[in-house]
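Examining the three-dimensional arrangement
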Amino acid sequence: MGKKRVLIVDDDARNIFALVNTLKAKSFDCLSCLSAEEALRILKDDDSIDAVLMDMMMPEMDGYEAIPLIKAIPSQKSTLVVAVTAQAMAGDKEKCLEAGADAYISKPVDVDKLLQILGEI
C-alpha cells in the first residue's frame, strides 16, 4: 500500500506550508494549490488523490461552492473532502457538511484530530 495522497487547497501559503510539513512527516504525499479553481483542474486530471483539505473561505470560489463541484467529478465521488475553516461558530460545521464535506476541522488545525480524520482513507 502506497502513501495516501492529499490535496491541500488554501489561499494562504503559510497554511499550506504548515499542513504539508505536518502531513509529510506522517508519510502522506501532498499536493497543494492556492484556489478552488486550480483544485478542480487538478482533481479532474488526477484520480489518485485520496483526500482534499479545503479551505472554506477563499476569494473567487470558496469551499462551499467548490465541494459540490468536486463531488460531481465522477472519479472523485468517494474522495474524502475535509472542510478546513477559521469559522468556528455555531452552525459552521453543519453548513460545511451540508455543502458536501465529509468532515470538518477548524483552524488552528488540531493535528491529532486531522490525522484521525485522515485515518479513514
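Analysis parameters
Residues numbered from 1 in each chain as written. Predicted model: local features only at pLDDT ≥ 70, side-chain atom pairs only at ≥ 80, totals over all residues. Heavy atoms only, no water. Helix = DSSP H or I, 4+ residues; strand = E, 2+ residues; numbered from the N terminus. Axes fitted to C-alpha atoms, helices over the stretch in contact; angles between N-to-C directions. Parallel < 35°, antiparallel > 145°, perpendicular 65-115°, else oblique. Contact = heavy atoms within 4.5 Å. Nonpolar A, V, L, I, M, F, W, Y, C, P; charged D, E, K, R; others polar. Left-handed = near helix turned anticlockwise from the far one by under 90°. UniProt positions renumbered as here; feature names shortened; annotations may be inferred. Buried < 20%, exposed > 50% of the residue type's maximum accessible area, 1.4 Å probe, protein only.

**Points about unusual backbone geometry**
- Following Lys107, the chain continues into Pro108 via a peptide bond in cis, with omega recorded as -5°.
- Turning to its location among the elements, Pro108 is positioned in the loop between β5 (103–106) and α5 (111–118).

**A word on the packing of helix α2 (residues 36–45) against helix α3 (residues 63–71)**
- Two elements in contact, α2 and α3, have axes separated by 10 Å at closest approach and are oriented at 10°. If you check the angle between α2 and α3, you find them roughly parallel. Contacts from Ala36, Leu40 and Leu43 of α2 reach α3 at Ala66, Leu69 and Ile70.
- When grouped by side-chain class, the residues that make up the contact of α2 with α3 number six nonpolar, no polar and no charged.

**Thoughts on the packing of helix α1 (residues 13–25) against α5**
- With their axes 12 Å apart at the nearest point, α1 and α5 run at an angle of 60° to one another. Crossing geometry of α1 relative to α5 is assigned as right-handed. Listed contacts from α5 to Leu19, Thr22 and Leu23 of α1 are Val111, Leu114, Leu115 and Leu118.
- In terms of residue class, the contact of α1 with α5 is made up of six nonpolar, one polar and no charged.

**Section: the UniProt feature "modified residue: 4-aspartylphosphate" (unreviewed entry) in the protein**
- The residues that UniProt annotates with the feature "modified residue: 4-aspartylphosphate" (unreviewed entry) are Asp55.
- Its location among the elements puts Asp55 in strand β3 (residues 51–55).
- Among the residues examined, Asp55 registers a relative accessible area of 4% and is labelled buried.
- Setting aside chain neighbours within four positions, we find Asp55 in contact with Val9, Asp10, Asp11, Gly63, Val84 and Lys107.

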